[in-house]
Amino acid sequence: MNGWTAAGTALLLCGFAPAACGVATGRARRRVPAQNVATTFLSLVFLLLSQGFARPAYVDTALMLSVLGPAGTLLFVRLLADQLADHPPGQRWLRGLTVVNYVAVAAVVLPLCVATGPGRAMVKLLVIGVLLALGCRVATRAVQAAAAMGHGRGAPAEGMSDDR
């Protein structure tokens, strides 16, 4: 085991596992932001394991997660907007999770860029880092907007019909 795999395992156990527990339990105000954190941490784990095992293909998995993770969070925000409006998450908590995401992305992507060196692989790592940071911000803003507005109690979401 080298330092990269040790860091990936530590992030998996200390970052992803608690976030996954948050996704699986509690109210929507806890599950939706935790889903965003879980996909960010899992993407970072794939980046660390890619470097640790010298498997560049894992970077492609991280790239896929960096695009699909925030999209999944936006889908859940859309579907759970009423629950988020009824019980909104705390603004401090959301800001704290956003900061944790930013710090985690910087703490993983920057050392990986140094280890990789200049080239196409480093550009790919930087793109993944930017996508993770922007995706976190967009997902957090969507949760805040859904908590503030909602769709109205009992009314179907826009574009959805009540016909069965």
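Residues numbered from 1 in each chain as written. Predicted model: local features only at pLDDT ≥ 70, side-chain atom pairs only at ≥ 80, totals over all residues. Heavy atoms only, no water.

### Side note on the overall build of the chain
We apply this condition: Per the convention used, a helix needs a DSSP run of H or I reaching at least four residues, while a strand needs a run of E reaching at least two, with both numbered from the N terminus. Type-normalised accessible area, obtained with a 1.4 Å probe on protein chains alone, sets the label of each residue: buried when under 20%, exposed when over 50%, and partly exposed for intermediate values. Here Asp and Glu are counted as negative and Lys and Arg as positive; His is not counted, and neither are the chain ends. Charge placement uses NZ in Lys and CZ in Arg. For Asp and Glu, CG and CD serve respectively.
Secondary structure assignment for the chain yields six helices and zero strands. Listing each helix as α and each strand as β along the chain from the N terminus yields α-α-α-α-α-α. Projecting the C-alpha coordinates of the chain onto the three principal axes gives extents of approximately 55 × 30 × 25 Å. The buried share of the chain, reckoned over its 164 residues, is 38%. The chain carries 14 positive and 6 negative side-chain charges, and their two centres are separated by 15 Å.

### Focus on the pattern of salt bridges
Keep this limit in mind: Every case where a carboxyl oxygen of Asp or Glu lies within 4 Å of a side-chain nitrogen of Lys or Arg is listed as a salt bridge.
Within the structure shown, the criterion is met by one salt bridge. Residue K124 is joined to D60 by a salt bridge in which the shortest nitrogen-to-oxygen separation is 2.4 Å. Within this pair, whereas K124 is found in helix α6 (residues 120-149), its partner D60 is found in helix α3 (residues 57-79), the two being separated by 64 residues in sequence. You can call D60 partly exposed: its relative accessible area is 40%.

### Details of the nonpolar core
Side chains that are nonpolar tend, in soluble globular proteins, to be buried together. Where we set the bar: Side-chain atoms within 4.5 Å are what join buried Ala, Val, Leu, Ile, Met, Phe, Trp, Tyr and Cys residues into a set we call a nonpolar core. By definition, residues are in contact when any of their heavy atoms lie within 4.5 Å.
Of all hydrophobic cores here, the largest spans 22 residues; its most connected members are L11, L44 and L47. Sorting the residues of this core by element identifies α1 (3-24), α2 (28-53), α3, α5 (91-116) and α6 as the ones contributing at least two each. Here this core gets eight residues from one element, more than from any other, and that element is α2. For L47, the residues in contact, after removing those within four places along its chain, are V59, A62, V109, L112, L125 and I128. Counting 10 residues, the second largest nonpolar core, distinct from the first, contains A28, V77, L80 and V143.

### Some remarks on the UniProt feature "transmembrane region" (unreviewed entry) in the chain
Operational definition: UniProt positions are given in the numbering used here, feature names are shortened, and annotations may be inferred rather than shown by experiment.
The positions that UniProt labels "transmembrane region" (unreviewed entry) are, in the present scheme, residues 32-50, 62-81, 93-114 and 121-140. Taken end to end, residues 32-50 has its terminal C-alpha atoms 27 Å apart, with 100% of it in helix and 0% in strand. Structurally, residues 62-81 comprises 95% helix and 0% strand, and the distance from its first C-alpha atom to its last is 28 Å.

### Some remarks on the UniProt feature "signal peptide" (unreviewed entry) in the chain
Residues annotated by UniProt as "signal peptide" (unreviewed entry) correspond here to residues 1-19. The straight-line gap between the two end C-alpha atoms of residues 1-19 is 25 Å; of that span, 89% is helix and 0% is strand.

### Section: α2
Basically, it comes down to this: One fewer than the residue count of a helix, multiplied by 1.5 Å, yields its expected span.
If you check α2, its first and last C-alpha atoms are 36 Å apart, about what 26 residues at 1.5 Å a residue would give, namely 38 Å. Burial analysis of α2 places 19 of its 26 residues in the buried class, the great majority of the element.

### Here's the deal with the packing of α2 against α6
The condition is simple: Axis geometry follows a simple rule: fit a line to the C-alpha atoms, using only the stretch in contact for helices, then measure angles between N-to-C directions, giving values from 0 to 180 degrees. In what follows, roughly perpendicular refers to angles from 65 to 115 degrees, roughly parallel to angles under 35, roughly antiparallel to angles over 145, and oblique to any angle outside these ranges. Polarity classes work like this: nonpolar for Ala, Val, Leu, Ile, Met, Phe, Trp, Tyr, Cys and Pro, charged for Asp, Glu, Lys and Arg, and polar for all others, with Gly in that last group.
Closest axis-to-axis distance for the α2/α6 pair is 10 Å, and the angle between their directions is 175 degrees. Here α6 runs roughly antiparallel to α2, going by the angle between their axes. Between α2 and α6, the residues in contact are V32, N36, T40, S43, L44 and L47 and L125, I128, L132, G135, C136, A139, T140 and V143, respectively. Along the lines of polarity and charge, the residues of the contact of α2 with α6 split into nine nonpolar, five polar and no charged.

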